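Fold and contact review
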Amino acid sequence: MSFKRACELQPTDVRPHFRAWNCLYVLGRHSEAKEEFLLALEAAEASGNQWSYLLPQIHVNLGISLEGEGMVISACEHYREAAILCPTHSRALILLGSALFGVGEYKAAVKALEEAIFLKNDYADAHCDLASALHAMGD
């Protein structure tokens with residue numbers, strides 16, 4: 001409730017939305033968490049460059065919330081946007097690749113996961129998903 005009040009008092013400050021999202025997500029309230037990040041995205045985009053450095057993470061967390069609701073294709077769009085905004089965001093690429101694998105987009109999954117592994121070679125789940133996507137493609 002305190003984070004929500006902070007959001008009301010300073011609607012263009014993205015930080016309370018992040019913190020509210022964390023609380024709501026941990027509580028399993030994914031739909032409400034998603035709403036916080038939609039508000040955070042709106043606030044960040046309206047504030048010009050002040051919060052632009054947070055946009056990739058906002059998109060990643062929004063994607064996580066969408067996946068929690070079973071909206072994997074929509075989550076992919078946000079992971080992809082995060083990767084476009086920050087091409088070295090290995091977590092965005094890992095999540096994108098894993099989500100693409102989950103919806104059967106194996107070729108795109110391989111590309112995202114290979115890029116993620118190039119950036120962060122020690123992430124076991126990315127290697128596992130890459131191997132699974134390659135196997136699904138017959139490779």
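Before reading on, note that the structure itself is shown above.
The structure contained in this document is the topic of the report that follows. Just so it is clear, the structure is predicted and the values come from calculations on it, not from any experiment. Residue numbering note: each chain is counted from 1, following its sequence as written. Reporting in this predicted model follows two pLDDT cut-offs: at least 70 for local features of residues, and 80 or more for side-chain atom pairs to be given and counted; totals over whole chains, interfaces and linings ignore these cut-offs and use all residues. The side-chain values count all of the structure's non-hydrogen atoms but skip hydrogen atoms and water molecules.

The set of buried Ala, Val, Leu, Ile, Met, Phe, Trp, Tyr and Cys residues whose side-chain atoms join them within 4.5 Å is what this entry labels a nonpolar core. Between buried and exposed lies partly exposed: a residue is buried under 20% and exposed over 50% of the maximum accessible area for its type, with that area taken using a 1.4 Å probe on protein chains only. V14, F37, I58 and Y79 are the most contacted members of the largest nonpolar core, which has 39 residues in total. The way it works is that DSSP assigns letters per residue, a run of H or I at least four long becomes a helix, a run of E at least two long becomes a strand, and they are numbered from the N terminus. Put simply, the parts of the chain that give this core at least two residues each are α2 (15-26), α3 (30-46), α4 (55-68), α5 (72-85), α6 (90-102), α7 (106-119) and α8 (124-136). Not counting the four nearest positions on each side in its chain, Y79 is found in contact with V60, G63, I64, E67, A92, L95, L96 and A99. Throughout, a residue-residue contact means that at least one pair of heavy atoms, one from each residue, lies within 4.5 Å.

Here we take up the packing of α3 against α4. Helix axes use the C-alpha atoms of the stretch in contact, all axes being lines fitted to C-alpha atoms, and the angles between their N-to-C directions lie in the range 0 to 180 degrees. Where α3 meets α4, the axes come as close as 9 Å, and the angle between the chain directions of the two elements is 155°. Regarding the angle of α3 to α4, the classification is roughly antiparallel. Between α3 and α4 lies a crossing whose hand is left-handed. Here H30, A33, K34, F37, L38, A40, L41, A44 and E45 of α3 come into contact with α4, specifically with L55, I58, H59, N61, L62, S65, L66 and G68. For the contact of α3 with α4, the residue count by class is 10 nonpolar, 5 polar and 2 charged. Any angle that falls under 35 degrees is termed roughly parallel, while one over 145 is termed roughly antiparallel, one within 65 to 115 roughly perpendicular, and all others oblique. Crossing handedness is defined as follows: a turn of the near helix away from the far one that is anticlockwise and smaller than a right angle gives a left-handed crossing, while the clockwise case is right-handed. Amino acid classes used here: Ala, Val, Leu, Ile, Met, Phe, Trp, Tyr, Cys and Pro are nonpolar; Asp, Glu, Lys and Arg are charged; the rest, including Gly, are polar.

Turning our eyes to something else, we now look at the layout of surface pockets. A water-sized probe rolled over the atoms picks out the places where empty space is left. Of the two site types, the cavity is a set of points on a 1 Å grid over the protein atoms alone where a 1.4 Å probe fits but cannot get out, and the pocket is an open set with protein on both sides within 12 Å along at least five of seven lines, each lined by residues with an atom within 4 Å of a point. Grid points are joined across faces, edges and corners, and a volume is the space filled by probe spheres set on the points. Computed from the structure, the largest pocket encloses a volume of approximately 160 Å³. Forming the boundary of the largest pocket are R80, A83, I84, L93, L96, L100, A108, K111, A112 and E115. The set of elements that each furnish at least two residues to the lining of the largest pocket consists of α5, α6 and α7. Ranked by residues supplied to the lining of the largest pocket, first place goes to α7 with 4 residues. Among the residues making up the lining of the largest pocket, the classes are represented as 7 nonpolar, no polar and 3 charged.

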